[in-house]
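Each chain is listed here by its residues.
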Amino acid sequence: MGHRQENESPEAREAKLIELNRAFATALLMGDEIGAELAIRDAMDARLSTAEIDDEVIAPALWLVGDLWERGEISVADEHLATEISLRVLALQREAQRLSDSRSDRRIMLATPAGELHTVALRMTADLLRQAGYGVMMLGADVPAGDLASIARRYEPDVVCMSSTMPGGIDRIFVAIDEVQQSSPETAFAIGGRGLSRTRSEPGISVCRRIHEVVDAVDALIKRADLN
Ligand code: B12
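As the structure is a computational prediction, the values presented were derived from the model and not from experiment.

A. Summary view of the nonpolar core. Counting residues in hydrophobic clusters, the biggest one holds 22 residues, and the most contacted among them are Phe24, Leu28, Ile40, Leu48, Ile53, Val57 and Val89. At the level of secondary structure, the elements contributing two or more residues to this core comprise helix 1 (10–29), helix 2 (33–45), helix 3 (50–70) and helix 4 (76–103). If sequence neighbours within four positions are ignored, Ile53 has contacts with Ile40, Ala43, Met44, Leu48, Ile58 and Gln93. Of all hydrophobic cores here, the second largest spans 20 residues; its members include Ile170, Ile173, Val180 and Phe189.

Below is the structure:
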């Protein structure tokens, strides 16, 4: 967390901070815990660091609460409620950070199987996993099964993600899975794509229909491996 988008202008960042700050302060003043949580989740999605969220979103909102209380515009109870909501949000923020940190020593490898050139979904998958804190190794398109198995043996990824769009791609994915499993039996797989329409998940192989499923699927595959 906290790696700002490189092409973001200082003005865009300032505008985002003002928007987040307003949303969070408004939620505090309305006693709206869910709204406060959503504002902080937005801040995390905007790749603000924990320190930036603390200094530039949560603290200024509490300063405003303090000013309003001092001027008699809100009660002690309102101020207490705002503080309790902030403390709850802090706990959530720390938990999200802990989860992201715990993923950082896990490695996810991504590839499409031999003959498959469609990589957009694979890139989306890589971005989501990276954002969630995972270490990502993108191999890209058209990776022969034997080569995938040997690079997996070298880098020992926890999970290999594969995507297949073209008819027949599912067979090539399973050939690749077999090859990898022969030399790295611990490796799990998250697979997706239109070529997999009738394939079902099985132990160690999670079939995903949409991109947004991948982080939960990879978390579950790793947890399962840890329990073994
Ligand atoms: C861009 C594109 C290309 C580009 C790809 C460039 C690249 N770097 O990716 C190029 C020009 C190379 C290309 C080539 C070809 N293409 Co093309 N291509 C497309 C196009 C327009 C978009 C594909 C795409 O990116 N979709 C967007 C992604 C995000 O969506 P998605 O792949 O469906 O994935 C979703 C889910 O399945 C899931 N998902 C997918 N994978 C994974 C993986 C994981 C881990 C997870 C969690 C989720 C997940 O999440 C996604 C979002 O919900 C499609 C049109 C279409 N309808 O998709 C045709 C399409 C796929 N192509 C097609 C064809 C026929 C070809 C060619 C044979 C054309 C030719 N005669 O040369 C070649 C074959 C290349 C090959 N061997 O792979 C057909 C396939 C038809 C079929 N199934 O039989 C399509 C459908 C076009 C059409 N209507 O005819 N193509």
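From this point on, the discussion continues.
B. Seen up close, the site of the ligand. Neighbouring the ligand are 23 residues, the closest being Gly115, His118, Thr119, Ser163 and Arg210. In the environment of the ligand, a nitrogen atom lies 3.4 Å from a nitrogen or oxygen atom belonging to the backbone of Gly192. For the ligand, an oxygen atom lies 2.7 Å from a polar atom in the side chain of Arg210. Elements represented by at least two residues in the shell around the ligand include exactly helix 5 (120–131), strand 3 (159–163) and strand 4 (188–192).

C. The arrangement of the sheet that holds strand 3 in detail. The 5 strands are arranged 2-1-3-4-5 in an open sheet whose pairing can be described as parallel. The sheet is open, and its two edges are formed by strand 2 (135–143) and strand 5 (205–208), each paired on a single side. Strand-to-strand twist of the sheet, defined as the mean angle between neighbouring strand axes without regard to direction, takes the value 20 degrees.

D. Here's a closer look at the packing of helix 1 against helix 3. For the pair helix 1 and helix 3, the least separation of the axes is 9 Å and the interaxial angle reads 45 degrees. Judged by the inter-axis angle, helix 1 sits oblique to helix 3. Every pair of crossing elements has a handedness; the one defined by helix 1 and helix 3 is right-handed. On helix 3, the residues touching Arg13, Leu17, Leu20, Asn21, Phe24, Ala25, Leu28 and Leu29 of helix 1 are Glu52, Glu56, Val57, Ile58, Pro60, Ala61, Leu62, Leu64, Val65 and Leu68.

E. Layout of the coordination of the cobalt atom of the ligand. On the protein, His118 (NE2) is the one donor atom to the cobalt atom of the ligand, at 2.2 Å. Counting through the fold element by element, His118 comes out in the loop between strand 1 (107–113) and helix 5.

F. The arrangement of the environment of Glu179 in detail. Tracing the sequence through the fold places Glu179 in helix 7 (residues 169–183). Look at Glu179 and you get partly exposed, because its relative accessible area is 33%. Along the sequence, Glu179 and Cys161 sit 18 residues apart, while their C-alpha atoms lie 14 Å from each other. Setting aside chain neighbours within four positions, we find Glu179 in contact with Ala145, Gly146 and Ala149.

G. Focus on the pairing of strand 4. With respect to burial, strand 4 is a largely interior element, 5 of its 5 residues being buried. Alternating positions in strand 4 separate into two faces, Ala188, Ala190 and Gly192 on one and Phe189 and Ile191 on the other, with burial throughout. Relative to strand 4, strand 3 runs parallel, the two sharing 5 bridges. Within strand 4, the position partnered with Met162 by the bridge is Ile191. Bridge count between strand 4 and strand 5: 4 bridges; the pairing is parallel. Following the sheet pairing, Gly192 is matched in strand 5 by Cys208.

Conventions adopted
Residues numbered from 1 in each chain as written. Predicted model: local features only at pLDDT ≥ 70, side-chain atom pairs only at ≥ 80, totals over all residues. Heavy atoms only, no water. Core = buried A, V, L, I, M, F, W, Y, C linked by side-chain atoms within 4.5 Å. Buried < 20%, exposed > 50% of the residue type's maximum accessible area, 1.4 Å probe, protein only. Helix = DSSP H or I, 4+ residues; strand = E, 2+ residues; numbered from the N terminus. Contact = heavy atoms within 4.5 Å. Near = heavy atom within 4 Å. Polar contact = N/O pair within 3.5 Å; in protein donor to acceptor, adjacent residues only side chain to side chain. Pairing = 2+ DSSP bridges. Axes fitted to C-alpha atoms, helices over the stretch in contact; angles between N-to-C directions. Parallel < 35°, antiparallel > 145°, perpendicular 65-115°, else oblique. Left-handed = near helix turned anticlockwise from the far one by under 90°. Donors = N, O, S within 2.8 Å, 3.2 Å for Na, K, Ca; no water.

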